[in-house]
Protein chains: 2
Amino acid sequence: MDFPCRPAAGPGGRSRDETASGQTMPRFKLTLEYDGRPFVGWQRQENGLSVQAVLEQAAGMLCGGTPLAVTGSGRTDAGVHARGQVAHLDLPRAIDAHTVQGALNYHLKPHPVAVLAAEETAADFHARFSATARHYRYRIVNRRAPLTFDRGLAWHVIVPLDADAMHDAAQALVGRHDFTTFRHSQCQAKSPVKTLDYIRVTRDGEDIRLETGARSFLHHQARSITGTLKLVGEGKWTRRDLRHALDARDRAALGLNAPPDGLYFMKVEY
Amino acid sequence: MDFPCRPAAGPGGRSRDETASGQTMPRFKLTLEYDGRPFVGWQRQENGLSVQAVLEQAAGMLCGGTPLAVTGSGRTDAGVHARGQVAHLDLPRAIDAHTVQGALNYHLKPHPVAVLAAEETAADFHARFSATARHYRYRIVNRRAPLTFDRGLAWHVIVPLDADAMHDAAQALVGRHDFTTFRHSQCQAKSPVKTLDYIRVTRDGEDIRLETGARSFLHHQARSITGTLKLVGEGKWTRRDLRHALDARDRAALGLNAPPDGLYFMKVEY
């Protein structure tokens, strides 16, 4: 395949819906899975390999080699994983979606990134701005023995955790709140007020799973919540302590930030 | 810790219950988990790193550095994983089981091998000869997209498989049969007659799981059965073809041998 390409935008650049000649370019919605361990995160950066850059390179291979812009539904930090990240991509000419998926996966091959699904979508679909809900999972392996298969894929917590207590306390965070306490100091969101739709904490043997969803999340919000709930799980914090931390609206009131290892971006709804 | 050690036996050596002076040495039963990807298999070999050698080195660190013999319930091939392999180990003096687990895990650290449980056991307990049942799982990821998290941890099959048909056909193998067809040419078992207690094939989304148990298995038996059932799953073989292959008692009648990637040694019963 060899035809004119639209180059990837620079950092922070937004994608365009049309070519310079005004011709509409078909837009594709991609559902992505990636193992975050080897990456500096989703976003293109100077200092290392990003998922976005790897995808833009692969997309470029569809049309002669110049990278094509790929826009994600949201960033993930270094070491954070995805099982259902969504991105969009404009191609300079019509290609059937099945071929797009296969060709991207072929060119992604050395990297642990896979296109689970590709579909042609409306020209006004935007992976980030059209999203109505995002879902995350956080995995804790709660056991004495070190991790083998799950190194970098879960948070290893040795002290026994009470998942029921974590679930109970977590309900204090559901709904609309000012989440300043649970926000990264460099978070770029305009408002710290977010509405958490649900948080569920369940245990299956040594595996503890936290599931949460919202229209959007603050930077580090899921990890900050998980880290603080871990303190509840080991009995150091009560549900009341958690509530006080939320009410403090102060990052200094945060209990603990969980490592990126256990975080999975599961699904985006539109 | 520094005290006299019993060195590891050479290849094929059996462990002894007593020291040269006739003093009984405490025996420990270890439950082990390992990611088989970096190993040449369970058994100690000249040509690469084995799980057994790594454990024997770690055990030796409990008593001054000379490796101690570790006897497994059975071998696993290169690239095969374990979630519940069992081994026994004789220590030259009494150490509480909790310390044994912790110290072994500490010394195993660079390797993806973990001691899930350690308990002191009877002197006549033998990881291999006392076993009454062994359980394996085989994982297939049945999807078009390449693997990310599961590279080397599952068999990636792109062609759609009918798990119900696989399950149905597999029932022809349950019970006492001459499994010569499903046996490695270099299998060292005295008899090819084995009794399969059960085989279950189930699907959960793109994940297909085969579970099987028996008192003991022939070399490559689980992988040979899985490979052949894959042919049934894609409609190339019928249950009758499978039955004919079994009745042929001939390795040449084997359909396909599944790769080691998806095989997990799950549990040993005593």
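About the thresholds
Residues numbered from 1 in each chain as written. Chains lettered and ligands numbered in written order. Predicted model: local features only at pLDDT ≥ 70, side-chain atom pairs only at ≥ 80, totals over all residues. Heavy atoms only, no water. UniProt positions renumbered as here; feature names shortened; annotations may be inferred. Helix = DSSP H or I, 4+ residues; strand = E, 2+ residues; numbered from the N terminus. Contact = heavy atoms within 4.5 Å. Phe/Tyr/Trp six-rings, centres within 6.5 Å; stacked < 30°, edge-to-face > 60°. Buried < 20%, exposed > 50% of the residue type's maximum accessible area, 1.4 Å probe, protein only. Buried area = accessible area lost by both parts, 1.4 Å probe. Salt bridge = Lys/Arg side-chain N within 4 Å of Asp/Glu carboxyl O. Polar contact = N/O pair within 3.5 Å; in protein donor to acceptor, adjacent residues only side chain to side chain. Nonpolar A, V, L, I, M, F, W, Y, C, P; charged D, E, K, R; others polar. pLDDT = per-residue confidence, 0-100. Pairing = 2+ DSSP bridges. Domains from an automatic or database assignment. Least-squares fit on C-alpha atoms with pLDDT ≥ 70 in both. Axes fitted to C-alpha atoms, helices over the stretch in contact; angles between N-to-C directions. Parallel < 35°, antiparallel > 145°, perpendicular 65-115°, else oblique. Left-handed = near helix turned anticlockwise from the far one by under 90°. Core = buried A, V, L, I, M, F, W, Y, C linked by side-chain atoms within 4.5 Å.

**Observations concerning the UniProt feature "active site" (unreviewed entry) in chain A**
All names here are of chain A. UniProt feature "active site" (unreviewed entry): in the numbering of this structure it lies at Asp-77. One can find Asp-77 in the loop between strand 2 (70-72) and strand 3 (81-90). Ignoring anything within four residues of it in the chain, the contact list for Asp-77 reads Val-40, Gly-41, His-219, His-220 and Arg-223.

**Some details on the packing of aromatic side chains**
The relation between two aromatic rings is expressed through the spacing of the ring centres and the mutual angle of the planes. Residue and element names in this part refer to chain A. Enumeration according to the criterion identifies 14 aromatic pairs over all chains in this entry. For the ring pair Tyr-136 and Phe-217, a centre distance of 5.0 Å and an interplane angle of 85 degrees mean the geometry is edge-to-face. With Tyr-136 in strand 5 (residues 133-142) and Phe-217 in the loop between strand 9 (207-214) and helix 4 (221-233), this pair connects stretches of sequence that are 81 residues apart. Each member of the pair Tyr-136 and Phe-217 is classed as buried. Taken together, the ring pairs in this structure connect Tyr-136, Phe-217 and Phe-265 into an aromatic cluster.

**Comments concerning the interface of chain B and chain A**
Contacts between the two partners involve 27 residues from chain B, matched on the other side by 27 residues from chain A. Each partner contributes to the roughly 2000 Å² buried at the junction of chain B and chain A, and carbon and sulfur atoms together form 54% of this total. Across the pair Glu33(B) and Arg143(A) runs a salt bridge whose closest N-O atoms are separated by 2.7 Å. In this structure, the connection of chain B to chain A is made through twelve residue pairs in polar contact (both at pLDDT 80 or more). Looking at the side of chain B that touches chain A, the elements that each hand over two or more residues are strand 1 (27-34), strand 3 (81-90), helix 2 (97-108) and strand 4 (113-121) of chain B. Residue composition of the side of chain B that touches chain A, grouped by class: 13 nonpolar, seven polar and seven charged.

**Observations regarding the confidence of the model for chain A**
All names here are of chain A. Of the residues in chain A, 91% reach a pLDDT of 70 or more, and the chain-wide mean stands at 92. Contacts from residues 1-6, a stretch scored under 50 in pLDDT, to residues over four places away or in other chains number 25 contacts. This stretch, residues 9-20, has a pLDDT under 50; its non-local contacts, to residues over four places away or in other chains, come to 24 contacts.

**Observations regarding the pairing of strand 1 of chain B**
Residue and element names in this part refer to chain B. Across the eight residues of strand 1, eight count as buried, placing the element largely inside the fold. Of the two faces of strand 1, the one holding Arg-27, Lys-29, Thr-31 and Glu-33 and the one holding Phe-28, Leu-30, Leu-32 and Tyr-34 are both buried throughout. When strand 1 meets strand 3, the two strands line up antiparallel, connected through seven bridges. For Tyr-34, the partnering residue across the bridge sits in strand 3 and is Ala-82.

**A closer look at the domain arrangement of chain A**
All names here are of chain A. Taken domain by domain, chain A consists of domain 1 (27-121) and domain 2 (133-269). The distance between the C-alpha centroids of domain 1 and domain 2 comes to 27 Å. Each partner contributes residues to the interface: domain 1 has 16 residues there, and domain 2 has 17 residues. Of the roughly 1200 Å² buried where domain 1 meets domain 2, counting both sides, 51% is carbon and sulfur surface. Run the count over domain 1 and domain 2 and you get one salt bridge. Between Arg-223 and Asp-77 there is a salt bridge whose closest N-O contact spans 3.3 Å. If you look at where domain 1 meets domain 2, you find twelve residue pairs in polar contact (both at pLDDT 80 or more).

**Examining the UniProt feature "binding site: substrate" (unreviewed entry) in chain A**
Residue and element names in this part refer to chain A. Here the UniProt-annotated "binding site: substrate" (unreviewed entry) positions come out as Tyr-136. Here Tyr-136 falls in the buried class, since its relative accessible area comes to 10%. The residues contacting Tyr-136, other than those within four sequence positions of it, are Arg-75, Leu-210, Glu-211, Thr-212, Phe-217, Leu-263, Tyr-264, Phe-265 and Met-266.

**Here we look at the relation of the copies chain B and chain A**
In this arrangement, two copies of a chain are superimposed by a rotation about an axis accompanied by a shift along the axis. Screw-axis analysis of chain B against chain A gives a translation of 0.0 Å along the axis, an RMSD of 0.0 Å, and a rotation angle of 180 degrees. Taken together, the rotation and translation relating the two chain copies correspond to the operation of a two-fold axis. Nearest to the rotation axis, the C-alpha of Phe149(B) is located 4.9 Å from it, this being the minimum over chain B. Here 100% of the interface residues in chain B have copies in chain A that are interface residues too; the copies meet face to matching face.

**Section: the pattern of salt bridges**
Summed over the entire model, instances satisfying the criterion amount to 30 salt bridges over all chains. Salt-bridge contacts for Asp90(A) lead to Arg27(A); the nearest nitrogen and oxygen are separated by 2.7 Å. With Asp90(A) in strand 3 and Arg27(A) in strand 1 (residues 27-34), the pair connects residues that are 63 residues apart, well separated along the chain. A residue is classified by how much of its surface remains accessible, and Arg27(A), at 4% relative accessible area, is buried. Among the ionic pairs, Arg143(B) bridges to Glu206(B), the shortest N-O distance being 3.0 Å.

**Considerations on the environment of Leu256(A)**
All names here are of chain A. By the secondary structure assignment, Leu-256 is in the loop between helix 5 (239-248) and strand 10 (263-269). Along the chain, Leu-256 and Gln-186 lie 70 residues apart, while their C-alpha atoms are 17 Å from each other. Look past the residues within four positions of Leu-256 in its chain and what remains in contact with it is Trp-155, Arg-223, Ser-224, Gly-227, Thr-228, Lys-230 and Leu-231.

**So, the packing of helix 3 (residues 163-170) of chain B against helix 4 (residues 221-233) of chain B**
Residue and element names in this part refer to chain B. Orientation of helix 3 relative to helix 4, taken along the N-to-C sense of each, is 125 degrees, at an axis distance of 8 Å. On the basis of the axis angle, helix 3 is oblique to helix 4. Of the two possible hands of crossing, helix 3 and helix 4 adopt the one that is right-handed. Contacts between helix 3 and helix 4 involve Ala-165, Met-166, Ala-169 and Ala-170 from the former and Leu-229, Lys-230, Val-232 and Gly-233 from the latter. Looking at the contact of helix 3 with helix 4 residue by residue, the classes come out as six nonpolar, one polar and one charged.

**Regarding the nonpolar core**
Grouped together as the largest cluster of nonpolar side chains are 68 residues, with contacts concentrated most on Leu30(A), Leu104(A), Leu173(A) and Leu229(A). Excluding residues within four positions of it along the chain, Leu104(A) makes contact with Leu30(A), Ala58(A), Ala59(A), Leu62(A), Leu89(A) and Val115(A). With 65 residues, the next largest nonpolar core counts Ala59(B), Ile95(B), Ala118(B) and Phe265(B) among its residues.

**A word on the pairing of strand 3 of chain A**
Residues and elements named next belong to chain A. With nine of ten residues buried, strand 3 is to be regarded as a mostly interior element. Two strands pair when backbone bridges link them, and strand 2 and strand 3 are joined in this way by three bridges, in the antiparallel orientation. Across the sheet, Gly-72 pairs through a bridge with Ala-87, a residue of strand 3. With two bridges connecting them, strand 3 and strand 10 associate as parallel partners. The residue bridging Ala-82 from the neighbouring strand is Phe-265, located in strand 10.

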